[in-house]
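Secondary and tertiary structure notes
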Amino acid sequence: MTRTFTAHDPRTGDPVEPSFSEADTAAVDAAASAAAAAAPALAALTLDARATLLEAIADALEADGPALIARADLETALGEVRLTGELGRTTGQLRAFAALVREGAHLGVVIDHGDAAATPARPDLRRMLVPLGPVAVFGASNFPLAFGVAGGDTASALAAGCPVVAKAHPSNAGTSALVAAAVTRTVTRLGLPEGTFTLLQGAGHEVGSALVTHPQVSAVGFTGSLRGGRALADLAAARPEPIPVYAEMGSQNPVWITPAALAARGVKIAQALAASATLGVGQFCTKPSVVFVPPDADAFVHALTEAVAAAPLGPMLDARIEAHFVARRADLAALTGVTDATAARTSDARGGVDAGVLVTDLTTWSREPLLREECFGPLIVVVRCRADELVDAVATVPGGLTASVWSEPDDVADRTLAAALVDRAATRVGRVLHDGVPTGVAVSWAQQHGGPYPATTAASSTSVGMHAVDRFLRPVAYQDMPEALLPTCLHGANPWSVPRRVDGHLELP
């Protein structure tokens, strides 16, 4: 018997029609097999044809924009303004990857001509990056469009020439179905193989497990919880032929405020951090969750508490996430050595949650592992420590996506401290900010959205920005190969006009 499920309206808790069928093992097998069948055709596409696909998907999503935004708001309560911006980011990153594909530098073309006079003699070697094969993409709950089934993972996989089998997040099943319809319509119109993109629905763990362990799936892109990402990574590692899992699993995104910065503008910093920590009801993977400050931070804590309490909050993404947040906040506030600086309030059935500020010291922070785990929601922990402990505190923070340092560079002593904090923080995270909040991740060439475990399963990769395409490519070298048998981009005449390195020298078209 086929199981069905529905998404729910976070504002009311009511189910939202229509219902969706849970994909079974046969559906997963059919999707993965179709993707594998489509892989050679996608890999053989010209760069212009691949870029055209990405641009056409962006056009289709824009054309369906009003319906997508309305449905996404119904399923997430994120609001029309936020979702309109997210749709723009989604289409923008598709078009950015199209530009990357047309340029061709991502292929990493290298040609070393043979040299019989070299010691030892060198054969003709030509190297490029090729698609991995079918990619399983898991949509995220907190970004139903930009990190959804046609978000950054799908865009970068298609840019690499990989077919995608997307697993919708059950909280935004309807949004995912609408997005998938736009992508599928585009694939059909362009005459590409049906397996270029497939959507699977499912509320349980069975669909995801079957997808990650399917022998025809070559890689996984995931954005979500540590528990979910680690489970998928373990499944992939246990396969007879293990595959890479690029899982972004959240982060505490620690913040350090130097004594000079605290004295000069502590209140303004508190207000900026409060706005960032409560943005989207604290449901950002880049939310600042912990702030390390000198002991004399009473005014900062007061300002932070007031700003957090005044932040407009709605319901969280779904009842499960909300219940987990309320329980985790209570557990943290009950720890010995932790003070809840906000009034003890509880959430009603569907009325949303209250943001909070907890205050502790470095000893307690270092002792209690629960404090050092991400709390998904509008909660921020303030850790008081001596100025000479600020740098050493970096080692107590788990691997993360970002770290922020607020300092006064014109103060010589403060500049020395800030330099030490920046250097040390760079060993623990993928992006270090100065005088800024980590929410708001630009899609650009220089962006790094990744970090050491437990933030991700692959610290050397990024899930945002142009280098996200690197995850779904692998190098192949051809030795003494007749040109007629070489991929087109490795021909001597450079027919695709791509940047390449020839005999050690960079050549631009």
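A short tour of the structure in this document, coming up. Small disclaimer: the values here were computed from a predicted structure and weren't measured.

**Observations concerning the pairing of strand β9 (residues 245-248)**
Here β9 shows no split at all, with Val 245 and Ala 247 on one side and Tyr 246 and Glu 248 on the other all buried. Two strands pair when backbone bridges link them, and strand β8 (residues 219-223) and β9 are joined in this way by four bridges, in the parallel orientation. Pairing of Val 220 across the sheet is with Val 245, part of β9. Each parallel crossover has a hand, and for β8 linked through helix α8 (residues 226-237) to β9 it is right-handed.

**Describing the packing of helix α3 (residues 65-76) against helix α6 (residues 173-189)**
Viewed as axis vectors pointing N to C, α3 and α6 meet at an angle of 160 degrees, and their least axial separation amounts to 8 Å. Here α3 lies roughly antiparallel to α6, going by the angle between them. Our pair here, α3 against α6, has a crossing hand that is left-handed. On the side of α3, the interface is formed by Ala 67, Leu 68, Arg 71, Ala 72 and Glu 75, while α6 contributes Ala 173, Gly 174, Thr 175, Leu 178 and Val 179. The class makeup of the residues in the contact of α3 with α6 is six nonpolar, two polar and two charged.

**Comments concerning the packing of helix α4 (residues 80-103) against helix α5 (residues 152-160)**
In contact at an axis separation of 9 Å, α4 and α5 are set at 20 degrees when each is read in the N-to-C sense. It follows that α4 is roughly parallel to α5 by the angle criterion. Considering how the two elements wind past one another, α4 and α5 form a crossing that is right-handed. In this structure, α4 uses Gln 93, Leu 94, Phe 97 and Val 101 to contact α5, whose residues at the interface are Gly 152, Ala 155, Ser 156 and Ala 159. For the contact of α4 with α5, the class distribution of residues is five nonpolar, three polar and no charged.

Rules and cut-offs
Residues numbered from 1 in each chain as written. Predicted model: local features only at pLDDT ≥ 70, side-chain atom pairs only at ≥ 80, totals over all residues. Heavy atoms only, no water. Buried < 20%, exposed > 50% of the residue type's maximum accessible area, 1.4 Å probe, protein only. Helix = DSSP H or I, 4+ residues; strand = E, 2+ residues; numbered from the N terminus. Pairing = 2+ DSSP bridges. Right-handed = clockwise from strand over helix to strand, strands pointing away. Axes fitted to C-alpha atoms, helices over the stretch in contact; angles between N-to-C directions. Parallel < 35°, antiparallel > 145°, perpendicular 65-115°, else oblique. Left-handed = near helix turned anticlockwise from the far one by under 90°. Contact = heavy atoms within 4.5 Å. Nonpolar A, V, L, I, M, F, W, Y, C, P; charged D, E, K, R; others polar.

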